[in-house]
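Okay, here's what each chain looks like letter by letter:
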Amino acid sequence: MTDGAFAGRIAGRKMVVIVSVADLRETPNSRQKNRDKDSGQNSQVLFGEKVLAYEEKDGWVRVEALDQEKRRGDSWVGYPGWIEARALKELREFPRYDAVVSTGYATVYASASVNSTELAKLSLGTRLALMPAKGASAGWHGIDLLDGRAGWVGRSEIQLMAEAPVKGDELRHRIIETARSFMGSPYFWGGRSFCDLAREDVITGVDCSGLALLAYRVHGRDIPRDAHDQFLKSKKIEPGKLRAADLIFLAVPKRPDRIIHVMLYAGQGRLVEAAGQEEGVRETTVAERLGKNLTELNWGQNAGEWIVYFGSLLPYDPTKNNPCILRQDFGQRGFSLTAEIYGISIYSTGGRGAANWLFLRFPTLRRGLISTVLGCTSLSFWMTGKRRRARTRV
């Protein structure tokens, strides 16, 4: 990110958010205190989030929210908008964060005791700078409140970033469980915070892309703010290869090139979404939502009133969806071949014989024979051993 994202303006000043939740507005004015759709509501920012400030006007600051990516032309920039000046503090350098709030709201106390003064309530997805000097005390962590004060938060309410799963099924499972923690919450256009109906200072909640963003953010994955930008950054996948935490995108037939809704695939034909004003955050099935099962859908196909697309923002492991796996091991005694179909293995081994030499010398013959025998049109190959290492997808 460069300070010149706003052409013709002065370089941005580094600032951080010092309130629990603040609105990011299209223009420098407050929203009404209700959940009605407000096109002036760009997004929300959470405590500790980094912004570049470019202009101040009538108690508002025009910023670029660096924690929320947005596509502008050929570049990815921070989300633009206006934040109330009282919600921001200027710093010489941005803090480094070590943990993230993983429950609905984490209560920050003046000391390591629930009997001490309550200093703040921080939304799920809020990143925190731990204070090593404070250390950890019987289930508590000291945190920097970025205004000269320190606070204490319960260990059970946060996740240390160093402990976040890097990849694989565990990461996907945790993302979906986090998304499910929002279920029953009301929908909020431009919302990007956990819902707290008791709050009167700011409306809280999520829209469809805010739900996906926070579910990923808790587990160390930053994704763009809006559904269309999430689509642009995702990797195209076919519905038959969807895995938990992959995304389902919707557009309308008159604008098939513009994504207007996103849902998280939960596995087993189910999905989690912030559906709209009436339904709120819910879990349902693909068939109930789109009128078709996954096996009946294709990427870019019509499903009732929608055009449906599928994408992934997580690493893809071909062994999870490919029923036919061919493993070849090249060693000093020749090579061994292992073919798996839906987990059932067939082994063929044997030194340096003529058949093995043919397999090694002519990969087309190898692919054709294995595909014919196994009835597979797609194979994943692993070549290992001291003499040769490669990995290809056929």
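Everything discussed here concerns the structure shown above.
Structure report, in brief.

Basis of the calculations
- Going along each chain's sequence as written, the residues are numbered from 1 onward.
- With the structure being a predicted model, the display of local features is reserved for residues of pLDDT at least 70 and the display and counting of side-chain atom pairs for 80 or more, all residues being used for whole-chain, interface and lining totals.
- Hydrogens and water molecules were not included; the side-chain quantities draw on all heavy atoms of the structure.
- Helix and strand definitions here come from DSSP, where helices need a minimum of 4 consecutive H or I residues and strands a minimum of 2 consecutive E residues; each element is numbered from the N-terminal end.
- It only takes one pair of heavy atoms within 4.5 Å for two residues to be counted as in contact.
- Method for areas: the Shrake-Rupley scheme with a 1.4 Å probe, in which residue coverage is limited to the protein chains shown.
- A pair of strands is considered paired only if DSSP assigns at least 2 bridges between the two.
- To obtain an axis, a line is fitted to C-alpha atoms, over the contacting stretch when the element is a helix, and the angle between two such axes runs from 0 to 180 degrees between their N-to-C directions.
- Three exposure classes are used, based on accessible area relative to the maximum for each residue type with a 1.4 Å probe and protein chains only: buried under 20%, partly exposed in between, and exposed over 50%.
- A 3.5 Å cut-off defines polar contacts: any pair of N or O atoms within that distance qualifies, except that in protein one atom must be a possible hydrogen donor and the other a possible acceptor, and neighbouring residues in sequence count only when both atoms are side-chain atoms.
- Two rings from Phe, Tyr or Trp (for Trp, the six-membered ring) form a pair when their centres sit within 6.5 Å of each other. Planes less than 30 degrees apart are called stacked, planes more than 60 degrees apart edge-to-face, and all others tilted.
- By definition here, a salt bridge exists when the distance from a side-chain nitrogen of Lys or Arg to a carboxyl oxygen of Asp or Glu is within 4 Å.
- By definition in this entry, angles of less than 35 degrees are roughly parallel, angles greater than 145 are roughly antiparallel, angles of 65 to 115 are roughly perpendicular, and the rest are oblique.
- Take the far helix as your reference; a near helix turned counterclockwise from it by less than a right angle gives a left-handed crossing, and one turned clockwise gives a right-handed crossing.
- Nonpolar residues are Ala, Val, Leu, Ile, Met, Phe, Trp, Tyr, Cys and Pro. Charged residues are Asp, Glu, Lys and Arg, and all others, Gly as well, are polar.
- Here, nonpolar core means buried Ala, Val, Leu, Ile, Met, Phe, Trp, Tyr and Cys residues that are tied together by side-chain atoms lying within 4.5 Å of each other.

## A short note on the overall build of the protein
- Counting secondary structure elements, the protein contains six helices and 26 strands.
- Within the protein, counting contacts between residues at least 6 apart in sequence, those at least 24 apart form 59% of the total.
- For the protein, the exposed surface amounts to about 19,000 Å²; the carbon and sulfur share of it is 49%.

## Describing the environment of Phe47
- Structurally, Phe47 is set in the loop between strand S3 (41-46) and strand S4 (50-57).
- Taking the C-alpha atoms as reference points, Phe47 and Val19, 28 residues apart in sequence, are found 5.3 Å from one another.
- Those residues in contact with Phe47 that lie beyond four places of it in its chain are Val17, Ile18, Val19, Ser20, Leu122, Thr126, Arg127, Leu128, Asp144, Leu145 and Leu146.

## Remarks on the sheet that holds strand S14 (residues 158-160)
- Here we have three strands laid out as an open sheet, ordered S11-S8-S14, and antiparallel in their pairing. Single-partner strands in this sheet number two, and they are strand S11 (127-128) and S14.
- Note: strand S8 (residues 99-101) against S14, three bridges, orientation antiparallel. Bridged to Val101 within S14 is Ile158.

## Overview of the sheet that holds strand S10 (residues 118-123)
- Read from one edge to the other, the open sheet built from four strands follows the order S10-S9-S13-S12, with strand pairing classed as antiparallel. A single partner strand is all that each edge strand has here, and the edge strands are S10 and strand S12 (140-144). Across this sheet, the average inter-strand angle for adjacent strands is 35°, counted without regard to direction.
- Relative to strand S13 (residues 150-154), S12 runs antiparallel, the two being bridged by five bridges. Note on S13: the bridge partner recorded for Trp140 is Gly154.

## Notes on the side chain of Thr204
- Looking at where Thr204 falls in the secondary structure, it is placed in the loop between helix H1 (168-180) and helix H2 (208-217).
- For Thr204, a relative accessible area of 0% gives the class buried.
- A polar contact of 2.8 Å, which involves the side chain of Thr204, links it to the backbone nitrogen of Asp196.
- Once residues lying within four places of it in the same chain are set aside, the contact partners of Thr204 are Val21, Arg35, Gln44, Tyr105, Phe188, Ser193, Phe194, Cys195, Asp196 and Arg199.

## Let's talk about the packing of aromatic side chains
- Taken as a whole and assessed by the stated rule, the structure comprises seven aromatic pairs.
- Summarising the aromatic geometry, the rings of Phe231 and Phe249 are spaced 5.3 Å apart at their centres and angled 75° between planes, so their arrangement reads as edge-to-face. One end of the pair, Phe231, is in helix H3 (residues 227-233); the other, Phe249, is in strand S16 (residues 247-251), and 18 residues separate them in sequence.
- We classify Phe249 as buried; its relative accessible area is 0%.
- Each member of the aromatic cluster is reached from another via a ring pair, and the members are Phe231, Phe249, Trp299 and Tyr309.

## Side note on the pattern of salt bridges
- Applying the stated criterion across every chain, the model contains 26 salt bridges.
- A salt bridge links Glu90 to Arg13, with the nearest nitrogen and oxygen atoms 3.4 Å apart. Of the two residues, Glu90 sits in strand S7 (residues 88-90) while Arg13 sits in strand S1 (residues 13-17), which places them 77 residues apart along the sequence.
- Using a relative accessible area of 31% as the deciding quantity, one classes Arg13 as partly exposed.
- A salt bridge links Asp222 to Arg217, with the shortest nitrogen-to-oxygen separation between them at 3.6 Å.
- What emerges from the salt-bridge pattern is a single network uniting Glu49, Asp67, Arg127, Arg192, Arg217 and Asp222.

## Topic: the packing of H1 against H2
- Look at H1 against H2: their axes get within 8 Å of each other, and the N-to-C directions meet at 130°. The angle between H1 and H2 places the two elements in the oblique class. Classified by chirality, the crossing of H2 by H1 is right-handed. Taken together, the residues of H2 that come into contact with H1 (itself represented by Ile175, Thr178 and Ala179) are Leu211, Leu214, Ala215 and Tyr216.
- Grouping the constituent residues of the contact of H1 with H2 by class yields six nonpolar, one polar and no charged.

## Notes on the nonpolar core
- With 39 residues, the main nonpolar core has Ile175, Phe182, Leu211, Tyr216 and Leu264 as its most contacted residues.
- For this core, the elements supplying multiple residues, two or more each, are H1, H2, H3, S16, strand S17 (261-267), strand S18 (270-274) and strand S21 (306-312).
- The biggest single contributor to this core is H2, with seven residues.
- Ignoring sequence-local partners within four residues, the contact set of Ile175 consists of Ala215, Tyr216, His219, Ala245, Leu264 and Leu314.
- Tyr97, Ile143, Leu145 and Leu160 belong to the second largest nonpolar core, which has 16 residues in total.

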